[in-house]
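# Geometric and topological summary
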Amino acid sequence: MKLQVYGTGCAKCSMLEKAAKDAVKELGVNAEVVKVSDINEIVEAGVLATPGFAVDGEMKSMGRVPSGDEIKKWIKAKI
């Protein structure tokens, strides 16, 4: 499973990356958290507001930091 955090390095982007890593650790799943900071890749993914968050390429949120419970729910749905 691949979790993608889209953002150029703002504080919210860092918070989302940490929340995603924490969720993976808590659930004990085999997932890779990837930080996508290239503006071209962010635009190509259709992210209109950062941070963006995707699970296996499926966009789940934009412009906000989802809660840890939300992130875990999205991960569990892909297991």
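Notes on the structure follow. Every chain's residues receive numbers from 1 upward, in the order its sequence appears when written. Under the rules for a predicted model, residues below a pLDDT of 70 receive no local features and side-chain atom pairs below 80 are neither given nor counted, while totals for whole chains, interfaces and linings still include all residues. Hydrogens and waters are ignored; side-chain quantities use all the structure's heavy atoms.

### Description of the packing of helix α1 (residues 11–27) against helix α3 (residues 68–78)
Basically, it comes down to this: Orientation is described by lines fitted to C-alpha atoms, with helices fitted over the stretch in contact, and by angles between N-to-C directions that extend from 0 to 180 degrees. A helix here means a DSSP run of H or I that spans at least four residues, while a strand means a run of E at least two residues long, and both kinds are numbered starting from the N terminus. Put simply, angles under 35 degrees are roughly parallel, angles over 145 are roughly antiparallel, angles from 65 to 115 are roughly perpendicular, and the rest are oblique. Note on convention: near helix rotated counterclockwise from far helix by under a right angle means a left-handed crossing. Clockwise means right-handed. Whether two residues are in contact is decided by their heavy atoms, any of which lying within 4.5 Å being enough. The nonpolar class holds Ala, Val, Leu, Ile, Met, Phe, Trp, Tyr, Cys and Pro. Asp, Glu, Lys and Arg form the charged class, and all remaining residues, Gly among them, are polar.
Two elements in contact, α1 and α3, have axes whose closest approach is 9 Å; the angle formed by their N-to-C orientations is 55°. Classified by the interaxial angle, the pair formed by α1 and α3 is oblique. Every pair of crossing elements has a handedness; the one defined by α1 and α3 is right-handed. Of the residues in α3, those in contact with Leu16, Ala19, Ala20, Ala23, Val24, Glu26 and Leu27 of α1 are Ile71, Lys72, Ile75 and Lys76. The residue inventory of the contact of α1 with α3, partitioned by class, reads eight nonpolar, no polar and three charged.

### Here we look at the pairing of strand β1 (residues 2–6)
Selection criterion: Classification of residues uses two cut-offs on accessible area relative to the type maximum, computed with a 1.4 Å probe and protein chains only: under 20% is buried, over 50% is exposed, and between them is partly exposed. Between any two strands, pairing holds if DSSP finds at least two bridges. Here a crossover is taken to be right-handed if, once the strands point away from the viewer, the path from the first strand over the helix to the second is traced clockwise.
The buried count for β1 comes to four of five residues, which makes it a mostly enclosed element. Here β1 runs beside strand β2 (residues 32–36); their pairing, made up of five bridges, is parallel. Counterpart to Val5 in the pairing with β2 is Lys35. Taken together, β1, α1 and β2 form a β-α-β motif whose crossover is right-handed.

### Details of the nonpolar core
Spelled out, the test is: To form a nonpolar core, buried Ala, Val, Leu, Ile, Met, Phe, Trp, Tyr and Cys residues must be joined to one another through side-chain atoms within 4.5 Å.
Counting residues in each nonpolar core, the largest one holds 14 residues, and the members touching the most others are Leu3, Val24, Val33, Phe53, Ile71 and Ile75. Going through the elements one at a time, β1, α1, β3 (52–55) and α3 are the ones with two or more residues in this core. Ranked by residues supplied to this core, first place goes to α1 with five residues. Those residues within four positions of Ile71 in sequence are excluded, and the remaining contacts are Leu16, Ala19, Ala20, Ala23, Phe53 and Pro66.

### What about the side chain of Ser61?
Residue position: Ser61 is located in strand β4 (residues 58–62). The exposure class assigned to Ser61 is buried, which follows from its relative accessible area of 5%. Aside from chain neighbours lying at most four places away, what touches Ser61 is Pro51, Gly52, Phe53, Pro66 and Trp74.

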